[in-house]
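Overview (structure and organization)
Below are the chains, spelled out letter by letter.
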Amino acid sequence: MRLSQYFLPLLRENPAEAQIVSHRLMLRAGMIRQSSAGIYSWLPLGHRVLKRVEQIVREEQDRSGAQEILMPTIQPAELWRESGRYDDYGDEMLRITDRHKRQMLYGPTNEEMITEIVRAAIKSYRDLPKNLYHIQWKFRDEVRPRFGVMRGREFLMKDAYSFDLDATSAKHAYNKMFVAYLRTFARMGLKAIPMRADTGPIGGELSHEFQILADTGESEVYCDKAWLETDILAEEVDYDGDLEPFFKQWTARYAATDEMHDAAKCPVPANELVAARGIEVGHIFNFGTKYSKPMGAVVSLADGSSVPLEMGSYGIGVSRLVGALIEANHDDGGIIWPRSVAPFDVGLVNLRGGDAKCVAAANELYGKLREGGVTVLYDDRDESPGAKFATMDLIGLPWQLIVGPRGVAAGTLEVKNRRTGERQDLPVDAALNRIVAP
Ligand code: ATP
Ligand code: MG
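Residues numbered from 1 in each chain as written. Chains lettered and ligands numbered in written order. Predicted model: local features only at pLDDT ≥ 70, side-chain atom pairs only at ≥ 80, totals over all residues. Heavy atoms only, no water.

In this section: the environment of R352. Take R352: it is sitting in the loop between strand 19 (346-350) and helix 10 (356-371). Classification of R352 as partly exposed rests on a relative accessible area of 45%. Put simply, R352 and A180 are 172 residues apart on the chain and 47 Å apart in space, counted from C-alpha to C-alpha. Those residues in contact with R352 that sit more than four places away from it in its chain are C358, V359 and P405. (Helix = DSSP H or I, 4+ residues; strand = E, 2+ residues; numbered from the N terminus. Buried < 20%, exposed > 50% of the residue type's maximum accessible area, 1.4 Å probe, protein only. Contact = heavy atoms within 4.5 Å.)

Set out below in structure tokens:
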């Protein structure tokens, strides 16, 4: 993509309304624009990141055996009356009346709707287990929408729902999601720590929140320092095998949110305990028959009797993750994208827009990179080198390739690593090898 043609409305000044760094940088880098409180449009650069985050989430859900569906954003109120949550949910639910005076709502979550779909289709124990997920916009009329996409009113969530015959099988479904979550966040370069959590209004027994550590996190969290060195992706996981050892291994280390933490009872000595702030990027629940019982979602057994389904639900804040990734990856110059979620792999900068040799060299490089499957944002504008460097640093692509008159004469390029700041003059082929190396 040529920057001269790209829709990238950068802001020079720090926007006054942005209190935290990710919100500030997302606005400045032209990733999002607010349309009303807590509701955002995603512009091309932001949208590319959102899609990459979504894709990693999808791949890890699929790998665990969950199946993707798509449920609507608008739901009928009757379903929520069946579970008893229509009145309980309160002012966070956006209630809508259609032209026939039917009561509808913009879904804040989908337990009721998925239970209705499954109860109508699954009648026998032989059709279990199932795990169905979708990646869909949610609306919660938060009292205080803030921090940009981190606490929006409209936000993108991945929510999965598992259906099992008994508690043992439901725990296996829970373990699958537990492992899939750790893998998902690790692939984004995030250290997400599972913490025993309160189940809150969704109800149930077993629940973990996945928190990433960042100064601007809304929760206070505590964990064993050893967590920070754990390499999740080093483990080979077979989702059909016994996952309980993984669950035990990854929950054995102390980690708790402040509601669950008790300094007096904490087993980790103070010098090995990290006290930090956390951003909740995921939350999983096992809640048994809380919805299946009142809504009559049952299956028949071999002997003709019937039992309510054992259920769980599993959320990931897809749009929140984009903000959280920036909270965890930035410096004074701007964003530093981990490679797996970067909007483009490389920023190509031509320092001399008016110099025919530089233009030819940069154009050729642009073609080569794209042929090699590398995604490139090519700054071909007529701007000062200083402005081009500042733009590249702000939008945070992992690599910058810089074409200038001295290099063109010598047959070299400058390669800059955005994270380390390291710069190297390399011959063209060596430069290309450098950026595709893992
Ligand atoms: P929080 O405690 O942050 O309000 P929650 O516990 O109400 O979140 P869940 O119902 O567990 O949220 O939703 C699953 C995930 O959706 C959360 O872990 C979070 O990452 C994301 N999420 C929840 N509310 C918002 C929001 N207002 N804006 C952006 N993402 C959100
Ligand atoms: Mg939660």
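For the coordinates displayed, the defined rule picks out 26 salt bridges. Across the pair E244 and K171 runs a salt bridge, and its minimum N-O distance is 3.0 Å. Highlighted residues: E244 in helix 7 (residues 244-252) and K171 in helix 6 (residues 167-187), separated in sequence by 73 residues. Salt-bridge contacts for D429 lead to K368; the nearest nitrogen and oxygen are separated by 3.7 Å. Taken together, the positions of D429 in helix 13 (residues 428-436) and K368 in helix 10 put the pair 61 residues apart, joining distant regions of the chain. Looking at K368, the relative accessible area reads 35%, which means it is partly exposed. (Salt bridge = Lys/Arg side-chain N within 4 Å of Asp/Glu carboxyl O.)

When cut into domains, the protein gives domain 1 (21-334) and domain 2 (344-436). The straight-line distance from the C-alpha centre of domain 1 to that of domain 2 is 39 Å. Across the contact, 10 residues belong to domain 1 and 8 residues belong to domain 2. Both sides of the domain 1 and domain 2 interface together cover about 760 Å² of buried area, and 54% of this is carbon and sulfur. Area buried by domain 1 at its contact with domain 2 is led by L45, R48 and G333, which between them contribute 46% of it. If you look at where domain 1 meets domain 2, you find 1 salt bridge. In this structure, D331 engages R418 in a salt bridge whose closest nitrogen and oxygen atoms are separated by 2.8 Å. Scanning the region where domain 1 abuts domain 2 turns up 4 residue pairs in polar contact (both at pLDDT 80 or more). Elements with a contribution of two residues or more to the side of domain 1 that touches domain 2: helix 1 (21-28) and helix 2 (44-63). (Domains from an automatic or database assignment. Buried area = accessible area lost by both parts, 1.4 Å probe. Polar contact = N/O pair within 3.5 Å; in protein donor to acceptor, adjacent residues only side chain to side chain.)

Surrounding ligand 1, one finds 14 residues, the nearest of these being R140, E142, R151, G152 and E280. H283 places a polar side-chain atom, nitrogen or oxygen, 3.2 Å from an oxygen atom of ligand 1. Between an oxygen atom of ligand 1 and a side-chain N or O atom of R320, the distance comes to 3.0 Å. Considering ligand 1 on its own, with 580 Å² of exposed area, one finds that the protein chains cover 84% of that surface. Of all elements in the fold, only strand 8 (154-164) and strand 13 (273-288) reach the threshold of two or more residues within the shell around ligand 1. Broken down by element, the residue count for the shell around ligand 1 peaks at 4 residues, all from strand 13. (Near = heavy atom within 4 Å. Areas by Shrake-Rupley, 256 points an atom, 1.4 Å probe, with all protein chains shown as cover.)

Turning to the sheet that holds strand 21 (residues 399-403), a few remarks are in order. On the basis of which strands lie adjacent, the open sheet formed by 5 strands has the order 20-19-21-22-23 and mixed pairing. If you trace the sheet from one side to the other, it starts and ends with strand 20 (376-379) and strand 23 (423-427), each paired once. Ignoring which end each strand starts from, the neighbouring axes of this sheet average 25° apart. Pairing geometry for strand 19 and strand 20, over 4 bridges, is parallel. Counted as the bridge partner of V349 is D379 from strand 20. In the packing of helix 10 onto the sheet, contacts are made with strand 19, strand 20, strand 21 and strand 22 (412-417), and the angle to strand 20 comes to roughly 170°. In this fold helix 13 packs onto strand 19, strand 21, strand 22 and strand 23, with an angle of close to 125° to the strand it touches most, strand 23. (Pairing = 2+ DSSP bridges. Axes fitted to C-alpha atoms, helices over the stretch in contact; angles between N-to-C directions.)

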